[in-house]
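Coordinate inspection notes
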Amino acid sequence: MDDAFRRDGNESSVRNGPHPVKIAPKRRLPDALIIGVKKGGTRTLLTFLQKHPQIVANSDELHFFDKDANFSKGLEWYRKQMPAARPDQVILEKTPIYFPSLAAPERIYDSIPNVKLILIVRDPIVRLVSDYLHEKIHYRKTWSLEEAVTNTAQNGSLAVIENRNILKLSLYDEAYSRYMKFFKPEQMLILSGEKFIRDPWVELEKVQSFLGVRQAIRKENFYFNPEKQFMCMRSTGVNGFCMGDNKGRKHPKVAQKVYQVLKEYFTPSVNRFALLSQSSFCNEWLHGEV
Ligand code: A3P
C-alpha cells in the first residue's frame, strides 16, 4: 500500500478501558463485490481502490459465484481466498462476469445477503468494441468488428447476431433485473464508466462513501497522462502510475452502417436500464462516440 494514502498501521487498536487491545487482521467473506461490467473500467476501479488504507482485495477474478466448479468448493474456500483485513477495513472482490451470470445473483444473496454491490457501466457499443478488441488480441482472432457482430439477413440488410456473447454482455437491463429480484436498489452502487474515465475521483468519492470508508482518495491523487491519454494516479510525490497497455486501447472506427444496426439493437435495452436503475448518465450513450 502506498505511503501517500496510509495513515495507520496493520493492526487495529480498540480501547478496552485504559488498555488498547490489538485486533489481528482476519480473513472474512467480502463486504463488497465489483460485479461488472466487463470492459467497464473494473480493473482500474479496483486498482485505484486498493490504494485506500481501509480497502483490501484479492486482485484475481475468483469466479466463485458464476462458475459451478468454483462454487462447489464452498464458502469456506472462498473466504480463505480473501486477504486478511482489520475490522475497520473493507474486503472487496471483483469478477465482472457476476453481472451477466444467471446463477450469481441468487448465489450471492444466499451466501452474503448484506454484501454491497458495485457496478460500473459504459455505453454498450463502446463496451462491445472494447470487448471485441480484447477478444481479438487475447484469442488472436482475425475477424473484423462487422463480422464479429453482424451478418446479412435474407432481405440483404445488415442484422446483429443476437446470440454472440459480446452483444449479450452489453444488455444491462436484463442482468440488472435479475439482481433486483434479490437485492434492494440501495444495495447496488451504479457508476458511469465515462465519468470514471474523465474524473475518476468523482466516482471514487461515491464508492468511498458507499463503502463507509474515509475519503482518502481525492482529486489531487490524479493527473492526466498525455502519453497514455488517460487519468493516472499519483503515488508519493510526483511519481505516479498508469494502467498497463491492455487498459485504454485505441478503438477502431465503427462503420456507420454497423453503428446504426447496433444502435437500433441497444436503444430499447438502454432505455429500460436507465429507467429501472434511475441512471440519468445513460443519456450520453449511443451518440456515435466510440
Ligand atoms: P479500453 O481498453 O477498451 O479503452 P476493464 O478493466 O473492466 O476490462 O475495463 C477496461 C477499460 O477501462 C478500458 O477499456 C478503459 O477505457 C477503461 N479505463 C477507465 N479508466 C481508465 C484509466 N484511468 N486508465 C486506463 N483505462 C481506463
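Refer to the structure above for everything that follows.
In short, a report on the structure. (Residues numbered from 1 in each chain as written. Predicted model: local features only at pLDDT ≥ 70, side-chain atom pairs only at ≥ 80, totals over all residues. Heavy atoms only, no water.)

Let's talk about the overall build of the protein
Quick reminder of the rule: A run of DSSP states H or I qualifies as a helix once it reaches four residues; a run of E qualifies as a strand once it reaches two. Both are numbered from the N-terminal end. Throughout, radius of gyration means the C-alpha value; the globule benchmark is 2.2 Å times the number of residues raised to the power 0.38. Accessible area is worked out with a 1.4 Å probe on protein chains only. A residue is then buried under 20% of its type maximum, exposed over 50%, and partly exposed in between. We call two residues in contact whenever any of their non-hydrogen atoms come within 4.5 Å of each other. Surface accessibility follows the Shrake-Rupley procedure with a 1.4 Å probe radius. Residue values consider only the protein chains on display as shielding. Just so you know, the count uses Lys and Arg for positive and Asp and Glu for negative, and it drops His and the chain ends. Where a charge lies is defined by one atom per residue type: Lys uses NZ, Arg uses CZ, Asp uses CG and Glu uses CD.
In terms of helices and strands, the protein carries 11 helices and 14 strands. Over its C-alpha trace the protein gives a radius of gyration of 20 Å, about what one expects of a compact globule, namely 19 Å for 290 residues. Expressed along its principal axes, the backbone C-alpha trace of the protein runs to roughly 80 × 45 × 35 Å. The proportion of buried residues among the 290 residues of the protein is 49%. A separation threshold of at least 6 residues defines the contact pool for the protein, and within that pool the share at least 24 residues apart is 71%. Of the roughly 14,700 Å² of accessible surface on the protein, a fraction of 50% belongs to carbon and sulfur atoms. Across the protein, 44 positive and 33 negative side-chain charges occur, with their mean positions spaced 3 Å apart.

Here we look at the site of the ligand
Selection criterion: Here a residue is considered near a molecule or strand provided that any single heavy atom belonging to it is located within 4 Å of it. What qualifies as a polar contact is a pair of N or O atoms within 3.5 Å, subject to a donor-acceptor requirement within protein and to the restriction that residues adjacent in sequence count only when both atoms come from side chains. Gly is placed with the polar residues, together with every amino acid not listed as nonpolar (Ala, Val, Leu, Ile, Met, Phe, Trp, Tyr, Cys and Pro) or charged (Asp, Glu, Lys and Arg).
Around the ligand, the surrounding shell holds 19 residues, and the nearest of these are Thr42, Ser130, Met231, Gly248 and His251. Between an oxygen atom of the ligand and a main-chain N or O atom of Lys39, the distance comes to 3.1 Å. Residue Thr42 places a side-chain N or O atom 2.6 Å away from an oxygen atom belonging to the ligand. Coverage of the ligand by the protein chains reaches 97% of its 570 Å² of free accessible surface. Among the elements of the structure, helix H1 (42-49), helix H9 (193-198) and strand E13 (230-234) are those that each provide at least two residues to the shell around the ligand. Looking at the shell around the ligand element by element, the count peaks at 4 residues for H1. Of the residues in the shell around the ligand, the class split is 7 nonpolar, 7 polar and 5 charged.

Re the pattern of salt bridges
Operational definition: A pairing counts as a salt bridge when a side-chain nitrogen of Lys or Arg comes within 4 Å of a carboxyl oxygen of Asp or Glu.
Applying the stated rule across the entire model yields 13 salt bridges. The shortest N-O distance in the salt bridge between Arg28 and Asp31 comes to 2.8 Å. Taking relative accessible area as the criterion, Arg28 reaches 23% and is therefore assigned partly exposed. Relative accessible area serves as the criterion here: at 28%, Asp31 is assigned to the partly exposed category.

Quick notes on the packing of aromatic side chains
Our working definition: Centre distance within 6.5 Å is the pairing criterion for rings of Phe, Tyr and Trp, where only the six-membered ring of Trp is used; planes under 30 degrees apart are then read as stacked, over 60 as edge-to-face, and the remainder as tilted. Here, a charge over a ring means that NZ of Lys or CZ of Arg falls within 6 Å of the ring centre while also lying within 35 degrees of the ring normal.
Taken as a whole and judged by the stated rule, the model has 21 aromatic pairs. An angle of 40° between the planes, with centres 6.0 Å apart, marks the rings of Trp201 and Phe222 as tilted. Taken together, the residues Trp201 in helix H10 (residues 200-211) and Phe222 in strand E12 (residues 222-225) connect sequence positions 21 residues apart. An identical accessibility class is assigned to Trp201 and Phe222; each is buried. Aromatic pair Phe281 and Trp285: ring centres 5.9 Å apart, planes at 65°, arrangement edge-to-face. Note on accessibility: Phe281 and Trp285 belong to one class, buried. Members of the aromatic cluster, joined through ring pairs, are Phe64, Phe65, Phe71, Trp77, Tyr78 and Tyr98. A cation over a ring is seen here: Lys116 above Phe210, with NZ or CZ 5.7 Å from the ring centre.

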